[in-house]
Amino acid sequence: MYAERGVSSASIEAIAERAGVTKPTVYAYFDGKEALFEAVNERVKAFINSADWRPYQPGRPAEEQLLRILDKFFEEVLKPERGGLFRALFAEFGRRGKAPPDEDKRGHLQLAQWLQEAKLSGTLSKRDCVIRSDLFFKMLLGTLVFPPLVECAEPFDTRTRRRHLRHAIRFLFDSLS
């Protein structure tokens, strides 16, 4: 509903009808459509922040370790049943002319810490690692997430997704040296 009409144009009645519940049921859980939208936003952020960041394992190629972590994460993000949540969020922020809130950068911080544990950051400060992690995630969003969710293109097959991830990881590692 939000992806199609936006928060301002969606009615609680239409949302309730689509969900197969009554208007009073929706109001029993949410104060209104803005509160419902914020709940969607929080659910998406919680999912993003639940990525399984395993500690760096010395003796194993860092690129392969990072590929496994990120491939599993993006496989989950791009599942069709999650698409509606992400599509609604990105569509609404696009209508509002601003990006989704970036205040919770746990993923960026976890990647920066992982890079430092792997001793891939050389002499870079933690702040520089976080900046590179932020750019890395923005690049991945632009190539892997936005096309299937915002442009309604087909999600990439596993092989293509991994190729994009490998390219992005190489770019990240090159920026650290």
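Everything discussed here concerns the structure shown above.
At a minimum axis separation of 10 Å, helix H5 (residues 62-77) and helix H9 (residues 158-176) run at an interaxial angle of 130°. Relative to H9, the element H5 lies oblique. Where H5 crosses over H9, the two elements pack in a sense that is right-handed. Judged by residue contacts, Ala 62, Glu 63, Glu 64, Leu 66, Leu 67, Leu 70, Asp 71, Phe 74 and Glu 75 of H5 engage Arg 161, Arg 162, Leu 165, Arg 166, Ile 169, Arg 170, Leu 172 and Phe 173 from H9. For the contact of H5 with H9, the class distribution of residues is nine nonpolar, no polar and eight charged.

So, about the nonpolar core. Formed by 29 residues in total, the largest nonpolar core has its most connected members in Leu 66, Leu 70, Trp 114 and Phe 173. If one sorts the elements of this core by residue count, H5 sits on top with eight residues. Setting aside anything within four residues of it in sequence, one finds Leu 70 in contact with Trp 53, Phe 136, Phe 137, Leu 140, Leu 165 and Ile 169. Membership of the second largest hydrophobic core comes to six residues, among which are Ala 10, Ile 12, Ile 15 and Leu 36.

Conventions we followed
Residues numbered from 1 in each chain as written. Predicted model: local features only at pLDDT ≥ 70, side-chain atom pairs only at ≥ 80, totals over all residues. Heavy atoms only, no water. Axes fitted to C-alpha atoms, helices over the stretch in contact; angles between N-to-C directions. Helix = DSSP H or I, 4+ residues; strand = E, 2+ residues; numbered from the N terminus. Parallel < 35°, antiparallel > 145°, perpendicular 65-115°, else oblique. Left-handed = near helix turned anticlockwise from the far one by under 90°. Contact = heavy atoms within 4.5 Å. Nonpolar A, V, L, I, M, F, W, Y, C, P; charged D, E, K, R; others polar. Core = buried A, V, L, I, M, F, W, Y, C linked by side-chain atoms within 4.5 Å. Buried < 20%, exposed > 50% of the residue type's maximum accessible area, 1.4 Å probe, protein only.

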